[in-house]
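# Summary of the model geometry
Each chain, letter by letter, is given below.
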Amino acid sequence: MSRELFEYLLRLGDDRLVLGHRLSEWCGHAPILEEDIALANLALDLIGQASQFLALAAELEGAGRDADALAFLRGPTEFRSCLLVEQPNGDFARTIARQVLFDTAGAPLLAALTRSADARLAAIAGAAQNEVRYHVRHARGWWLRLGLGTEESHARLQSALDELWPFTAELVTPDALDRALAASGVGADLAALQPVFTRDLQGLMAQAKLQPPAPLPYPASGGRAGKHGEHLDHLLSEMQSVARAHPGASW
Amino acid sequence: MGARGRRSVRRKAALARKPQAARTEWALWEVFVQEKTGQPHEHAGSVHAPDAELALENARDTYARRGPVTSLWVVEARHISSTTPDDSPFLLGPGPAKLYRHPRFYKGAKE
Amino acid sequence: MTNAERERRFQARIDAGEKIEPKDWMPESYRRQLVRMMSQHAHSEIVGQLPEGNWITRAPSLRRKLGLLAKVQDEAGHGLYLYAAAETLGVSREDLIEALLQGEAKYSSIFNYPTLTWADIGAIGWLVDGAAILNQTMLTKCSYGPYARAMVRICKEERFHERQGYEIMRALAQGTPAQRAMAQDALNRWWWPTLMMFGPPDGDSVHNDALMAWGVKQKSNDELRQWFVDLAVPQARALPLEIPDPALRFDEATGHWQHGPIDWDEFWRVVRGGGICNRERLRARREADEEGRWVREAAEAYGEKQR
């Protein structure tokens, strides 16, 4: 079993599981009924994608675990999600900013993975294309509404962008695992995606009349190695509480 | 007027005093759904939205969650003109039989 | 035409099974009753998101997580259909919601109860949605067109909610001893409030007669309640779980399950604000509304700039 591919699939699955979970927290609390439905839609799509990535990972591992075991029985040091997705929802501007940042990297990433040398990985990425396109459209629509709407919404979006900025580098900075898998044609070439990400984001900031945050000498990272901030543990404690309270039970 | 009547008058007055800015309601849009090509668009219901883009997305999320849907139309409700039941008898009602509109009135090739 | 004449014609249309549409003449009391019913129904859906939404972040498997999230999303959608139907009678959704948030509008009191365990999610899907389906099936024949059409849409979607709930209960009832105990406890707490959902006994119900004459209701509260009990008792036995009613017995003569006395004091206490979650439910909705204000304003401002 390719240990590397297993790790890579965890990254893809964990990102979407954590982000989907965060979005699901809005259910019943969104700014308007229509957006309650829209955010739940995004959450469902992401958790669905996560389930597929984790199921494939579990199968490759061949150790008798399934997607649920990976989702509900691993601790924070075993999660491979990026730091961006575990950030709390904050206000609606923060949630939209997080979504736009994630999708601006995630959409090209999944598009590239549709050409993966691993047919099954390519299939999952392919199946997600329509969903991802919709997420991009929806989140960017709100990015513009908030950026160009009122002074208050603009200020909130600027603030959100400034606070989440440190977590963007991790999305497009390749490590040894990324490079190894890209070389074999299985993974995406993050180094090639980086200029696309930067260019797209610059365009989005300009459209919304946002100030690009200053470049950071020490952007945050560590999620891919299981070194998370304090948020993930709280998130997982809640998410896994019922499953862990009944070991071996089926639901 | 009982207690409930007085309360409702007070509330109506309170709402009337609300300045325009305090109301944040988005416009009402009517949604028409076409399930398959070849079929007409049918009225499905309405959504609230501040612009056409979000109206389409909201309509998709609300009325097209369970397929099949091939096409969606959204129209601001205020742009729809309709007949009223008072108009209907003279505008829409069946007049005396106007046979010249029906195929049976005319002789076909074989008759 | 005199008002009396108009009312006679209106009633004749109802009796002939015709649908009343938004621009048709209707008695003011019919309009008021329908706005009340549809808005209460809509409020129930959106308040109902909260007790179940409480467990989305703790759903114990990916499948259950997806299922519950989809269900709660549907509830928002149903609220939307129903507000849309109510708006056809000339009220605005914003005004209706304002009334709810001010504590002036009612919603189904069942949602004032807390969800204390994962099993509550199963119980709600099975019992509460099961009860709602009966009511909603009846309402698909309602005389007011937009309400009837909204009900058809809702009924199609509601089926999966009830099935999902029952499936959750079955997995628990046939699971570990701890799971079984959790399920039985949930049933114990949700059974009686569900029976109360159908409203006070026919003799005590204020709106019943007018609504039945107008073709808005086709079955009385007691008839619906009996229909529900007859369906639910065998379902409970199949799990198997015990219904918390020592007086429950099958009446051979009528073919119905006779249930024990309902504690109507409890019902009125909760309806009038004495339930554990009454204040919390409204507070949560108020907060969402207030915190969402700047978002709605921004979208409106942006929309204006585009025009």
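Refer to the structure presented above.
None of the values given here were measured: they were computed from a predicted structure. Within each chain, residues carry numbers counting from 1 in the order of the written sequence. The lettering of chains begins at A and the numbering of ligands begins at 1, in the order of writing. At least 70 in pLDDT is required for a residue's local features to be given in this predicted model, at least 80 for side-chain atom pairs to be given and counted, and no such filter applies to totals for whole chains, interfaces and linings, which use all residues. To obtain the side-chain values, all non-hydrogen atoms of the structure were included, while hydrogens and water were left out.

Turning our eyes to something else, we now look at the interface of chain C and chain A. Here, two residues are considered to be in contact whenever any of their heavy atoms come within 4.5 Å of each other. Tallying the contact residues gives 44 residues for chain C and 47 residues for chain A. Simply put, the buried area is the total loss of 1.4 Å probe accessible area from both parts when two parts are fitted together. Carbon and sulfur atoms make up 71% of the area that chain C and chain A hide from each other, which totals about 3,900 Å². Salt bridge criterion: a side-chain nitrogen from Lys or Arg within 4 Å of a carboxyl oxygen from Asp or Glu. Summed over the shared surface of chain C and chain A, the result is 1 salt bridge. The set of elements that each furnish at least two residues to the side of chain C that touches chain A consists of α2 (28-53), α3 (62-87), α6 (145-173), α7 (177-196), α11 (278-291) and α12 (293-306) of chain C. The dominant element in the side of chain C that touches chain A, judged by the number of residues it contributes, is α3(C), at 13 residues. Class assignment for the residues of the side of chain C that touches chain A results in 27 nonpolar, 9 polar and 8 charged. Labels follow the DSSP assignment, with helices taken as runs of H or I lasting at least four residues and strands as runs of E lasting at least two, numbered in each case from the N terminus. Residue classes follow a fixed rule: Ala, Val, Leu, Ile, Met, Phe, Trp, Tyr, Cys and Pro count as nonpolar, while Asp, Glu, Lys and Arg count as charged, and any other residue, Gly among them, counts as polar.

Residue and element names in this part refer to chain A. Relative to the helices and strands, glutamine 87 is located in the loop between α4 (83-86) and α5 (92-113). Note on glutamine 87: relative accessible area 9%, which makes it buried. Within polar-contact distance, the side chain of glutamine 87 engages the backbone oxygen of leucine 83 at 2.8 Å. Dropping the residues within four chain positions of it, glutamine 87 is found in contact with Arg22, Arg98, Leu164, Phe167 and His231. Burial classes follow relative accessibility: with a 1.4 Å probe on protein chains only, a residue under 20% of its type's maximum area counts as buried, one over 50% as exposed, and anything between as partly exposed. Identification of polar contacts relies on pairs of N or O atoms within 3.5 Å, with a donor-acceptor requirement for protein atoms, meaning one able to donate a hydrogen and the other able to accept it, and with residues adjacent in sequence counted only if both atoms are side-chain atoms.

Let's shift gears to the packing of helix α1 (residues 3-24) of chain A against α5(A). Two quantities define a packed helix pair, namely the angle between the axes and the distance from one axis to the other. Residue and element names in this part refer to chain A. Contact geometry of α1 with α5 gives a least axis separation of 12 Å together with a crossing angle of 150°. As summarised for this structure, α1 and α5 are arranged roughly antiparallel, according to the angle between their axes. With respect to the hand of their crossing, α1 and α5 are arranged in left-handed fashion. Residues Tyr8, Leu12, Asp15, Arg16, Leu19, Arg22 and Leu23 of α1 pack against Thr95, Arg98, Gln99, Phe102, Gly106, Leu109, Leu110 and Leu113 of α5. Looking at side-chain class alone, the contact of α1 with α5 contains 8 nonpolar, 3 polar and 4 charged residues. Angles here are taken between N-to-C directions and fall from 0 to 180 degrees, while the axes themselves are lines fitted to C-alpha atoms, restricted in helices to the stretch in contact. Angular relationships are summarised with four words: roughly parallel below 35 degrees, roughly antiparallel beyond 145, roughly perpendicular across 65 to 115, and oblique for the angles in between. Handedness of each helix crossing follows the sense of rotation of the near helix against the far helix: counterclockwise by less than a right angle gives left-handed, clockwise gives right-handed.

Another point: the pairing of strand β3 (residues 71-76) of chain B. Residues and elements named next belong to chain B. Here β3 shows a clear split, with Leu72, Val74 and Glu76 buried on one side and none of Ser71, Trp73 and Val75 buried on the other. Bridging between strand β1 (residues 27-34) and β3 involves 6 bridges; their strand directions are antiparallel. Bridging from a neighbouring strand, glutamate 30 pairs with valine 75 of β3. Following DSSP output, two strands are said to pair if at least two bridges run between them.

A word on the sheet that holds β1(B). Residues and elements named next belong to chain B. Judged by pairing direction, the sheet is antiparallel, and its 3 strands sit side by side in the order β2-β1-β3 without closing on themselves. Because the sheet does not close on itself, it has two edges, and the strands there are β2 (42-49) and β3. Across the sheet, the axes of successive neighbouring strands diverge by a mean angle of 30°, strand direction being ignored.

What follows concerns the packing of aromatic side chains. By convention, a stacked pair of Phe, Tyr or Trp rings (six-membered ring in the case of Trp) has centres within 6.5 Å and planes under 30 degrees apart, an edge-to-face pair has planes over 60 apart, and any other such pair is tilted. Considering all chains together, one arrives at 14 aromatic pairs over all chains under this definition. Each member of the aromatic cluster is reached from another via a ring pair, and the members are Trp26(A), Phe92(A), Trp142(A) and Trp26(B). Here, a charge over a ring is recorded when the distance from Lys NZ or Arg CZ to the ring centre is within 6 Å and its angle to the ring normal is within 35 degrees. If you follow Arg145(A) out to its NZ or CZ, it ends over the ring of Trp142(A), 5.1 Å from the centre. Residue placement shows Lys219(C) over the ring face of Trp227(C); its charged tip is 4.8 Å from the ring centre.

All names here are of chain B. The grouping of Phe90, Leu91 and Leu92 at the surface amounts to a nonpolar patch, some 370 Å² of accessible area in total. By the element assignment, phenylalanine 90 lies in helix α3 (residues 88-91). Residue class for phenylalanine 90 comes out exposed when judged on its relative accessible area of 66%. The patches reported here contain residues having more than 30% relative accessible area and no salt bridge. Joining distances are 9 Å for like charges and 5 Å for nonpolar side chains (Val, Leu, Ile, Met, Phe, Trp, Tyr). In this description, accessible areas are obtained by the Shrake-Rupley approach with a 1.4 Å probe, and a residue is regarded as covered only by the protein chains that are shown.

What follows concerns the interface of chain B and chain A. Contact residues are listed per partner, giving 13 residues for chain B and 10 residues for chain A. Considering only the side of chain B, the residues that lose the most area to chain A are Glu57(B), Arg60(B) and Asp61(B), jointly responsible for 41% of the buried surface there. Counting the contacts that link chain B with chain A gives 3 salt bridges. Here Arg137(A) and Glu53(B) are joined by a salt bridge, their closest N and O atoms 2.9 Å apart. If you list the elements that add at least two residues to the side of chain B that touches chain A, you get β2 and α2 (52-63) of chain B. If one sorts the elements of the side of chain B that touches chain A by residue count, α2(B) sits on top with 8 residues. Its residues placed into classes, the side of chain B that touches chain A shows 4 nonpolar, 3 polar and 6 charged.

Next up on the list: the state of the cysteines. The criterion for a disulfide is a pair of cysteine sulfur atoms lying within 2.5 Å. Tallying each qualifying case throughout the model produces 0 disulfides over all chains. Cys27(A) takes part in no disulfide bond, and the closest cysteine sulfur, belonging to Cys277(C), lies 17 Å away. Look at Cys27(A) and you get buried, because its relative accessible area is 8%.

The subject of this paragraph is the pattern of salt bridges. Under the definition given, this model contains 42 salt bridges over all chains. The closest approach of N and O atoms between Arg22(A) and Glu25(A), which form a salt bridge, is 3.0 Å. For Arg22(A), a relative accessible area of 8% puts it in the buried group. Glu25(A) gets classed as partly exposed once you look at its relative accessible area, which sits at 27%. Among the ionic pairs, Glu21(C) bridges to Arg149(C), the shortest N-O distance being 2.9 Å. In this pair, Glu21(C) is assigned in the loop between α1 (3-15) and α2 and Arg149(C) in helix α6, connecting sequence segments 128 residues apart. The exposure class of Glu21(C) is partly exposed, given its relative accessible area of 25%. Since its relative accessible area comes to 46%, Arg149(C) is described here as partly exposed. Among the charged side chains, a salt-bridge network with shared partners connects Arg65(B), Arg66(B), Asp74(C) and Glu157(C).

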